[in-house]
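Spelled out, the chains give:
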Amino acid sequence: MALIPSVRGFKDILPDETGFWRYVEDTARDIFTRFGFREIRVPILEKTELFKRGIGDTTDIVEKEMYTFEDRGGESLTLRPEATAPVIRSYLEHHLYQSEPVSKLYTIGPMFRRERPQKGRFRQFHQVNVEVLGSGHSMVDAELLFMLVHLLEEFRLPDLKLEINSLGCPLCRPLFKDRVLSFLEGKSVDLCADCRRRLRGNPLRVFDCKNEECRSIIEGAPMILDSLCEECIVHFDSVRRYLERLGVDYTVNGAMVRGLDYYRRTAFEVTSTALGAQNAIAGGGRYDGLTAQLGGPDLPGIGFAIGMERLISLMPAKKEDFNTSPLLYIAALGPHARERAFLLANVLRKKGIVVEMDYSDRGLKGQMKRSDKLGCRFTLIIGDDELVRDEAPLRDMKAGGQRTVSLKDAALLARELAGTSTEPRTSGNAADNNLDNNQ
Ligand code: HAM
């Protein structure tokens, strides 16, 4: 029968890759905790209306990229294309703002956008997503960017560039929109069909268009930074000052508008020239007013999301850096020895030692080869003689040579293995704790 392949744009993460993913997740969790963030987990499926209202009807995401379907009850549901709207929905639904003045939340997981798949662009992709709700202070913006850069630096990614902009507020942005509209007047015939259509509702989208023609037209357009109101200017200057005090490198890109409609004031993106066409590794910004738009009290907020596939593709780490080779391989010769090996392997595992063995009738040579291939540090060789003597040779696969160890006391053996290894392949600290509890 024919194989059923995975869905286009949906990617498996294979065992050789999962070490990278865990490392990214663990590092992110560790750094976020230091900055006072707590994890929130929200569903993958939400009511379609949440994204329409949250992200904006005239965005590419809502217009053409959402996985939306009617469930059997006739309700329109959507696989989340991003996490900000769901996190805020949950924050409002559970009144988190009542129990803490500022909520610092993060979530890690898959998002879904039906874009055209290409290098660095998938239909299911993963984000590390961070939101701070309840403070509009410019210090929060700067601290969030400091944390983002710090996290990305941990992964030693090449050629990173942080670009920031201010997108203004409901006071100054309408004036800017008018200025852009007047600028585009007369030029609209040369714009792409998408931009022409969006001109009335959201002329800022033209700044985000990838079409060459549109790009060359918008190059001469007025810049939002020249249209900011006094308060937005003060806020942006203050963010920049704090960034400089924190030693965060950035450039101002007045043409950056972001692809989601909820942003106000600070907006930013981190790109890497090493990524190719899909060069944004992270993006985010302030979205004061979104909580009210989603039916809650009017509270300020800011956040970002990192694309995990893109981050991991840039990491210089190698799969050997996430080695999970067993510490011990037990080679057993004959059915009796195999049964003993089977019991011993499982007792040792309970004591925190990473152990592998063979369940087939393979000869010693084959088993040694397998131990070597798995990168095991030691091989314990058990045959009928060893069963009688209750001791067996333990071969050091790295240093060479072997010594005899007793099979009588698994706890002792576990302790010896963990102690003699220069790089113990034990599952965390559990080994030390368990070893004292004898079998
Ligand atoms: P975004 O810019 O749409 O922002 O996505 C953030 C990051 O997700 C991108 O910079 C990119 O690395 C990754 N990404 C987006 N689409 C794809 C894709 N199709 N395939 C692979 N990676 C992708 C947001 O999603 C906002 N919710 C961020 C935010 C949080 N703003 C405030 N809080």
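Cut-off values and rules
Residues numbered from 1 in each chain as written. Predicted model: local features only at pLDDT ≥ 70, side-chain atom pairs only at ≥ 80, totals over all residues. Heavy atoms only, no water. Near = heavy atom within 4 Å. Polar contact = N/O pair within 3.5 Å; in protein donor to acceptor, adjacent residues only side chain to side chain. Areas by Shrake-Rupley, 256 points an atom, 1.4 Å probe, with all protein chains shown as cover. Helix = DSSP H or I, 4+ residues; strand = E, 2+ residues; numbered from the N terminus. Buried < 20%, exposed > 50% of the residue type's maximum accessible area, 1.4 Å probe, protein only. Pairing = 2+ DSSP bridges. Expected span 1.5 Å × (residues − 1). Arc of directions from axis to C-beta. Contact = heavy atoms within 4.5 Å. Salt bridge = Lys/Arg side-chain N within 4 Å of Asp/Glu carboxyl O.

(A) Expanded view of the site of the ligand. Lining the immediate environment of the ligand, one finds 27 residues, of which Glu82, Glu115, Phe122, Tyr263 and Ala280 sit closest. One nitrogen or oxygen atom from the side chain of arginine 258 is found 2.9 Å from an oxygen atom belonging to the ligand. The separation between an oxygen atom of the ligand and a polar main-chain atom of glycine 307 is 3.4 Å. In the complex, 95% of the free accessible area of the ligand, which totals 660 Å², lies under the protein chains. At the level of secondary structure, the elements contributing two or more residues to the shell around the ligand comprise β6 (124-133), β10 (280-286) and β11 (301-307).

(B) Spotlight on the pairing of β10. In terms of burial, β10 is a largely internal element, six of the seven residues being buried. Pairing geometry for β10 and β11, over five bridges, is antiparallel. Bridging across to β11, glycine 285 finds its partner in glycine 303.

(C) Expanded view of helix α7 (residues 173-184). A rise of 1.5 Å per residue sets the reference length of α7, with its 12 residues, at 16 Å; its end C-alpha atoms lie 16 Å apart and thus fit the reference within 8%. Regarding α7, the residues found buried are Arg173, Phe176, Val180, Leu181, Phe183 and Leu184. Projected onto a plane normal to the axis of α7, the buried residues spread over an arc of 160 degrees and lie on a single side. On the buried face of α7, the contacting elements are α9 (212-218).

(D) Region of the structure containing the pattern of salt bridges. Tallying each qualifying case throughout the model produces 33 salt bridges. Here arginine 286 ties to aspartate 141 by a salt bridge, and the two come within 2.6 Å at their closest N and O atoms. Remark: aspartate 141 occurs in helix α6 (residues 138-154) and arginine 286 occurs in strand β10; sequence separation between them is 145 residues. Of the charged contacts, one joins aspartate 261 and arginine 205 as a salt bridge, the two residues approaching to 2.7 Å between their closest N and O atoms. With a gap of 56 residues between them, aspartate 261 in the loop between β8 (251-252) and β9 (266-272) and arginine 205 in the loop between α8 (193-198) and α9 connect regions that are remote in the sequence. In this structure, a network of salt bridges that share partners links the residues Asp60, Glu63, Lys64, Asp194, Arg197 and Arg198.

(E) Looking closely at the environment of methionine 256. With respect to the element layout, methionine 256 can be found in the loop between β8 and β9. Remark: the alpha-carbon pair of methionine 256 and aspartate 26, spanning 230 residues in sequence, is separated by 31 Å. Beyond its immediate stretch of four places on either side in the chain, methionine 256 contacts Glu163, Ile164, Asn165, Leu167, Ala267, Phe268 and Glu269.

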